[in-house]
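Reading the structure
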Amino acid sequence: GINAEYGGLKAGISYHRFTHHDAMSELQHLGQGEEKGEALLQEDLAELGPMIGEANAMSCAMDKKVMFQVVVMPEQGKQRKTVMVSLHSFLTSCTFLLSRDEFISRKYKMEEMYQQFVAGDSVWQDLAKEEDPFHEDTSRETRVGTVSISLKSLGYLFEQEQTFTITNYQGAAKGELRVEYYPCKVDGSVITEEDDVFVDDPDSLVGQPLQFLLKIPYARGVSRRYENVYCRYRYFMDTEYTETGKITGPNPDFNFSVQHLCKPVTDQFIEYLENTTLLIEVMGTQVVQPPKEGDCRSTKQLMSSNILSTSNPLSLMDPEKQAMMSELESAKRRATKQQDKLIRVQELLESAKKAQSDSISVADLERVLESNAGAMGIAVAAFKLKVDRAKREGKLFKTTAKAVTANKEVEETAAADVPLQTSKACEIL
């Protein structure tokens, strides 16, 4: 039992007893997040591990020159990872990624073949290649590697321009990919520094349209083992892939750009920007590389040498590392904007001191802190302080009539939320 004195329970209040059913319900609720994703991942690993061991044993027994490995991969549009199986052919040096369901389906056919092999039935040797569960067509597309992009900067209307490392399922670098995105105005034109419309809180975008331009200009250093290279991704709630054109060569120029529009921005979309990375897959077909002449090693020998040369057979390709790089850049931009606002406040304080004013109006402070206020907001606030000082000192006579008129114009302009032209502000000041 719980000691009421030390457990924080209050007399006279009925407390609900937390049962096993309550615990299961809570776990089910949490299961929609990372906890369930991790549990499913471990479940798949526990299920596939022994199956892969059996598949490799059958491959060795029948000398199929094929090796299987379990791989943990990032999943499109989700934070959770998924388990896949790599199929590597020692006859072609090609590697393909199979889904869990595809591998399990193949394994049933492998077992049928193995039973025929053990019984001395030669039927398994006469199977057509397309029916052989150990075979994979070399024309099948495969994933060269992936790049994970954080879209968090979009929530602050910041652009992002960065070159990312393409990493394969073993975590090895397979080249570099240039990715850029730019928030756009309603007319589709790109927002620039001069527009100064950046926001401090992504939630302020809810209910408004948000449009941005995504560019994938090029990739560099892609292995010549891959042909017909292209990029693909699924954005937000898209069910279909968005793809670039296919290019062959180590340095493909995709020159790809597309505009995405969210109208209006929702809480779900803000959560997507904050917590989900955009996974860009670099795809291609593999060039066949047959074994060296005279290489008569058995499947078992080939597997042993392959395992020794692989630093981590259970590879984990973590998308968070690359996403953190772009998030860091976004954080720097936000910090710069905050620093700019502090400087504006300091300049306003200096103006107040020069005007011998012991207070600053809330309206003036808000005007200076607005993201698009800039130097003009400071100029307007400083001028109002000068006029207020003149009023206090009784110096507003005919010689300052122009200033009174100007002050009225400033107030009317501010009320109408229309920025003054720079030349007019200079004239006023």
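Residues numbered from 1 in each chain as written. Predicted model: local features only at pLDDT ≥ 70, side-chain atom pairs only at ≥ 80, totals over all residues. Heavy atoms only, no water.

Brief notes about the overall build of the chain
A count of helical and extended segments in the chain gives 11 helices and 12 strands. In the chain, which comprises 429 residues, the proportion classed as buried is 42%. Pairs at least 24 apart in sequence give 70% of the contacts found in the chain among residues at least 6 apart. As presented, the chain carries roughly 24,300 Å² of accessible surface, and 52% of it is formed by carbon and sulfur atoms. (Helix = DSSP H or I, 4+ residues; strand = E, 2+ residues; numbered from the N terminus. Buried < 20%, exposed > 50% of the residue type's maximum accessible area, 1.4 Å probe, protein only. Contact = heavy atoms within 4.5 Å. Areas by Shrake-Rupley, 256 points an atom, 1.4 Å probe, with all protein chains shown as cover.)

So, the pattern of salt bridges
Summed over the entire model, instances satisfying the criterion amount to 18 salt bridges. Among the salt bridges present, the one from Glu-111 reaches Lys-107, with a minimum N-O distance of 2.3 Å. In this pair, Glu-111 and Lys-107 both sit in helix 4 (residues 100-118), four residues apart, roughly one turn of the helix. Exposure remark for Glu-111: the relative accessible area of 30% places this residue in the partly exposed category. Of the residues examined, Lys-107 reaches a relative accessible area of 6% and is grouped as buried. Asp-253 is the salt-bridge partner of Arg-220, the closest N and O atoms lying 2.9 Å from each other. Of this pair, Arg-220 sits in strand 7 (residues 210-220) while Asp-253 sits in strand 10 (residues 253-262); the two residues are 33 residues apart in sequence, bridging distant segments of the chain. Exposure remark for Arg-220: the relative accessible area of 30% places this residue in the partly exposed category. Asp-253 sits in the partly exposed class, given a relative accessible area of 39%. When salt bridges with common partners are traced through the structure, they connect Asp-44, Glu-47, Arg-100 and Asp-101 into a single cluster. (Salt bridge = Lys/Arg side-chain N within 4 Å of Asp/Glu carboxyl O.)

Description of the pairing of strand 1 (residues 66-74)
For a regular strand, side chains alternate in direction, first toward one face of the sheet and then toward the other. Burial within strand 1 is extensive, with nine of its nine residues counted as buried. Going residue by residue along strand 1, you find Val-66, Phe-68, Val-70, Val-72 and Pro-74 tucked away on one face and Met-67, Gln-69, Val-71 and Met-73 tucked away on the opposite face as well. The sheet contact formed by strand 1 and strand 2 (residues 81-89) spans nine bridges and is antiparallel. Across the sheet, Phe-68 pairs through a bridge with Leu-87, a residue of strand 2. (Pairing = 2+ DSSP bridges.)

Overview of the pairing of strand 11 (residues 277-286)
Burial within strand 11 is extensive, with 10 of its 10 residues counted as buried. As judged from the eight bridges shared by strand 4 (residues 142-150) and strand 11, these two strands associate in the antiparallel manner. Bridge assignment links Arg-143 to a residue of strand 11, and that residue is Met-283. Bridge count between strand 8 (residues 226-233) and strand 11: five bridges; the pairing is antiparallel. By the bridge assignment, Tyr-226 is partnered in strand 11 with Gln-286.

What about helix 5 (residues 267-275)?
Within the span of helix 5, buried status applies to Phe-269, Ile-270, Tyr-272 and Leu-273. Each buried residue of helix 5 lies within a common arc of 155° when the element is viewed along its axis, so the set occupies one face. Taken together, the buried residues of helix 5 touch strand 7, strand 10 and strand 11. (Arc of directions from axis to C-beta.)

As for helix 4
An ideal rise of 1.5 Å per residue puts 27 Å on 19 residues; helix 4 measures up with 27 Å between its terminal C-alpha atoms. Buried within helix 4 are the following residues: Phe-103, Ile-104, Arg-106, Lys-107, Met-110, Met-113 and Gln-116. Note on helix 4: the residue one or two positions beyond its end, Gly-120, has a positive phi of about 80°. (Expected span 1.5 Å × (residues − 1).)

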